[in-house]
Amino acid sequence: MPLPYAMSPAGTPEPTAVLEALLFLSGQPLSVAELTAHTGWDEEKIEQTAQTLAGVLREEKRGLCLLRVAGGYQLVVRPELYETVQWVHTRTTELSTTALEVLAIIAFKQPVTRAEIEKIRGVSSERLIASLLQQGLIQDLGRKDSPGRPILYGTSAYFLECMGVDSLSELAEKMPQELQPQAGTETQTATTLTTEEQDERTIAKSNE
Amino acid sequence: MPMEAYQYKVSDFEGPLDLLLYLIEKNKVDIYNIPIVEITDQFNAYVREFETFDVNYASKFFVMAATLLQIKSRLLLPRPPQLEEEEEDPQEVLIRQLVEYRQMKQFSTTMATLWERRCQMPGRERTPMPFTKQFSGKIEKSALYQAFRLVYQTLPETPVTEIHLQKEIYSVAESMRRVEMILQQTSRPVPVWHIFRICRTRTELVVVFLSVLELLKLGRCCTLSDGEEGNAVALRYVPGGNA
């Protein structure tokens, strides 16, 4: 027999609405840990709610979609709308093909030294590495235990965000099938940026 | 050779591997089975047309040209003696390098597509969290301090003519006795600024202030509210005290 009163406290909001509100405020990807801090939900509930929200946005053909990226969630504009929306006044900065080559080498061979990168490309890569470091796409992973103690490079969480993938293994899956990266690729799931890093990046971006 | 063979200048290529891959593509040959003689000749033909002389950039091409010649000569000459243990067949080394480089180039093309796709799904900037004002603690009646401050501001600053260390002219203990005497003279509460008024310099004022606090601490006097609105402070002597 149904109870004459509601079991949950009156006015408990829908979890999907709560998640939607938090992701809207965050703008940038919000990690599972941060979501737990705001809502008190465990990882399983977060994932379930995210699935539901993604489904709602899809079925109702809404303007936003849910992206799972770099270990967190983000509300983004649906790519099909990009052309219509025309939210650009200049072309977005693109990476040059050479920069992308260096980035690919670092992504799939990390951790890797500058000498190793140059050996693969056959040319000097110092300036490109410095540029990628400055853009926050790659990071210093310490030093190799060999003569000269050269710096080892790897990709950052921000790199995963820019690729729109959740992890390096997801990135590897998206590569042309007949050329799958070798087993040597480390399958790390990078964590999303902390809020301080996000705020720094916002300041850096707005200074451009 | 006809001019259309040089539609790309060497400086259009990032490096010798890039040029080699281009030639392999152009000649539609199998990377694992490069016709070394042909490719070497074509490579050198390009390098010979070098116009820019950036030493660093050019040197890499010359090294590759030399490597190709080495491979070519090994093929043309009679079978060389067995390679030593550490030495690898330069042709195998080159093929491995080419395969790896080609793989990376293809990955980077796919990554460019992913990047572009990601740019078509922009998010918002983070909404900054505003600070909420928090009120904590209680406002303490600082009437005592206000009285002190009033007097302090009207007193002249002690002129400093020369700097030499002096023996302490005013001591807190002496001031305490002085203040006690003033308080003992009358059983009525004494407005606190009557006490501060006796001071002639700021240093003296500070010492007297400290002695008042000390007397309060020891319980030899107590504070009362005074004045028309009750927001001035007066002191009264307490016989006995806590000392």
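Each remark here, short or long, concerns the structure printed above.
Residues numbered from 1 in each chain as written. Chains lettered and ligands numbered in written order. Predicted model: local features only at pLDDT ≥ 70, side-chain atom pairs only at ≥ 80, totals over all residues. Heavy atoms only, no water.

Draft legend 1. The arrangement of the overall build of chain A in detail. Of regular secondary structure, chain A possesses 10 helices and six strands. Looking at chain A residue by residue over its 208 residues, the buried ones come to 42%. Of the roughly 12,100 Å² of accessible surface on chain A, a fraction of 54% belongs to carbon and sulfur atoms. (Helix = DSSP H or I, 4+ residues; strand = E, 2+ residues; numbered from the N terminus. Buried < 20%, exposed > 50% of the residue type's maximum accessible area, 1.4 Å probe, protein only. Areas by Shrake-Rupley, 256 points an atom, 1.4 Å probe, with all protein chains shown as cover.)

Draft legend 2. Summary view of the sheet that holds strand β4 (residues 112-113) of chain A. All names here are of chain A. As summarised here, the arrangement of the three strands in space is β4-β6-β5, forming an open sheet in which the pairing is antiparallel. Edge strands, defined here as strands with exactly one partner in the open sheet, are β4 and β5 (138-143). When β5 meets strand β6 (residues 151-155), the two strands line up antiparallel, connected through four bridges. Paired with Arg 143 across the two strands is Ile 151, which belongs to β6. Along the sheet face, helix α7 (residues 126-134) touches β5 and β6 and points at about 110° away from the line of β5. (Pairing = 2+ DSSP bridges. Contact = heavy atoms within 4.5 Å. Axes fitted to C-alpha atoms, helices over the stretch in contact; angles between N-to-C directions.)

Draft legend 3. View of the pairing of β6(A). All names here are of chain A. Extensive coverage of β6 is indicated by the burial of four of its five residues. Relative to β6, β4 is paired through two bridges, and the arrangement is antiparallel. Residue Thr 113 lies in a different strand from β6, and its bridge partner there is Leu 152.

Draft legend 4. Highlighting the sheet that holds strand β2 (residues 221-226) of chain B. Residues and elements named next belong to chain B. Taken together, three strands build an open sheet; the order of strands is β1-β3-β2 and the sheet is antiparallel. In this open sheet, the two edge strands, each paired with only one partner strand, are β1 (190-191) and β2. Bridge count between β1 and strand β3 (residues 232-237): two bridges; the pairing is antiparallel. Its bridge partner being in β3, Val 190 is matched across the sheet by Leu 235. Strand contacts of helix α6 (residues 172-184): β1, β2 and β3, with the helix running at about 90° to β3, the strand carrying the most contacts. Those strands touched by helix α8 (residues 202-218) are β2 and β3, and its axis lies near 105° from that of β2.

Draft legend 5. Structural detail: the state of the cysteines. Tallied over the full model, the rule gives zero disulfides over all chains. Not part of a disulfide, A:Cys162 finds its nearest cysteine sulfur in B:Cys119, a span of 7.4 Å. For A:Cys162, a relative accessible area of 10% translates into the label buried. (Disulfide = S-S within 2.5 Å.)

Draft legend 6. Region of interest: the environment of A:Arg58. All names here are of chain A. Positionally, Arg 58 belongs in helix α3 (residues 43-59). Judged by its relative accessible area of 61%, Arg 58 falls in the exposed class. In sequence terms Arg 58 and Arg 78 are 20 residues apart; their C-alpha atoms lie 9.5 Å from each other.

Draft legend 7. Representation of the interface of chain B and chain A. Contact residues are listed per partner, giving 32 residues for chain B and 53 residues for chain A. On the surface where chain B and chain A come into contact, there are two salt bridges. Among the ionic pairs, A:Glu101 bridges to B:Lys105, the shortest N-O distance being 3.1 Å. Joining chain B to chain A, the criterion identifies 10 residue pairs in polar contact (both at pLDDT 80 or more). (Salt bridge = Lys/Arg side-chain N within 4 Å of Asp/Glu carboxyl O. Polar contact = N/O pair within 3.5 Å; in protein donor to acceptor, adjacent residues only side chain to side chain.)

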